[in-house]
Amino acid sequence: MKDLTDEEYDRLDEKWTKTTPKVGPDGSGYFSQCKAAARTVTIDDFSADYLMIKAMADHKTPAEIIGEMIQERIAASL
């Protein structure tokens, strides 16, 4: 990625310091979209316990464990 010129930096600075993010109940705002991107999934108690035990044993986050499980499943299906 190339460095910004002073003019480009000034325009970018102006945009982000004077622009208020939109928030709206219809899901079109910035924070609503971020929330949708970070969706949560409810799982049963047995699965949650397994996930937490596995994450602690492997010194990883539950999200990392889930990601690895999904990647393994995808790789196995190819």
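Scroll up to find the structure this text is about.
Reference entry: report on the structure contained in this document. A quick note: this is a predicted structure, and the numbers were derived from the prediction, not measured.

1. Quick notes on the pattern of salt bridges
Thinking step 1. Following the criterion strictly, the structure yields three salt bridges and no others.
Thinking step 2. Across the pair Lys 54 and Asp 58 runs a salt bridge whose closest N-O atoms are separated by 3.1 Å. Of this pair, Lys 54 and Asp 58 both sit in helix H3 (residues 45-58), four residues apart, roughly one helical turn.
Thinking step 3. Classification of Lys 54 as partly exposed rests on a relative accessible area of 32%.
Thinking step 4. The exposure class of Asp 58 is partly exposed, given its relative accessible area of 30%.
Thinking step 5. Between Glu 68 and Lys 60 there is a salt bridge, with its nearest N and O atoms 2.5 Å apart.

2. A few points about the packing of H3 against helix H4 (residues 62-77)
Thinking step 1. Where H3 contacts H4, the axes come no closer than 9 Å and their chain directions differ by 100°. By the angle between their axes, H3 is roughly perpendicular relative to H4. Packed against H3, whose contacting residues are Leu 51, Met 52, Lys 54, Ala 55 and Asp 58, the element H4 presents Pro 62, Ile 65 and Ile 66 at the interface.
Thinking step 2. By residue class, the composition of the contact of H3 with H4 is six nonpolar, no polar and two charged.

3. Some words on the layout of surface pockets
Thinking step 1. Looking at the largest pocket, its volume works out to about 170 Å³.
Thinking step 2. Lining the largest pocket are Ile 43, Ser 47, Tyr 50, Leu 51, Ala 63, Ile 66, Met 69 and Ile 70.
Thinking step 3. For the lining of the largest pocket, the secondary structure elements donating two or more residues are H3 and H4.
Thinking step 4. Ranked by the residues each element gives to the lining of the largest pocket, the list is headed by H4, at four residues.
Thinking step 5. Partitioned by chemical class, the residues of the lining of the largest pocket number seven nonpolar, one polar and no charged.

Here is what the cut-offs are and how they apply
- Residues numbered from 1 in each chain as written.
- Predicted model: local features only at pLDDT ≥ 70, side-chain atom pairs only at ≥ 80, totals over all residues.
- Heavy atoms only, no water.
- Salt bridge = Lys/Arg side-chain N within 4 Å of Asp/Glu carboxyl O.
- Helix = DSSP H or I, 4+ residues; strand = E, 2+ residues; numbered from the N terminus.
- Buried < 20%, exposed > 50% of the residue type's maximum accessible area, 1.4 Å probe, protein only.
- Axes fitted to C-alpha atoms, helices over the stretch in contact; angles between N-to-C directions.
- Parallel < 35°, antiparallel > 145°, perpendicular 65-115°, else oblique.
- Contact = heavy atoms within 4.5 Å.
- Nonpolar A, V, L, I, M, F, W, Y, C, P; charged D, E, K, R; others polar.
- 1 Å grid on protein atoms, 1.4 Å probe; cavity = no way out; pocket = protein on both sides within 12 Å on 5 of 7 lines; lining within 4 Å.
- Points joined across faces, edges and corners; volume = space filled by probe spheres on them.

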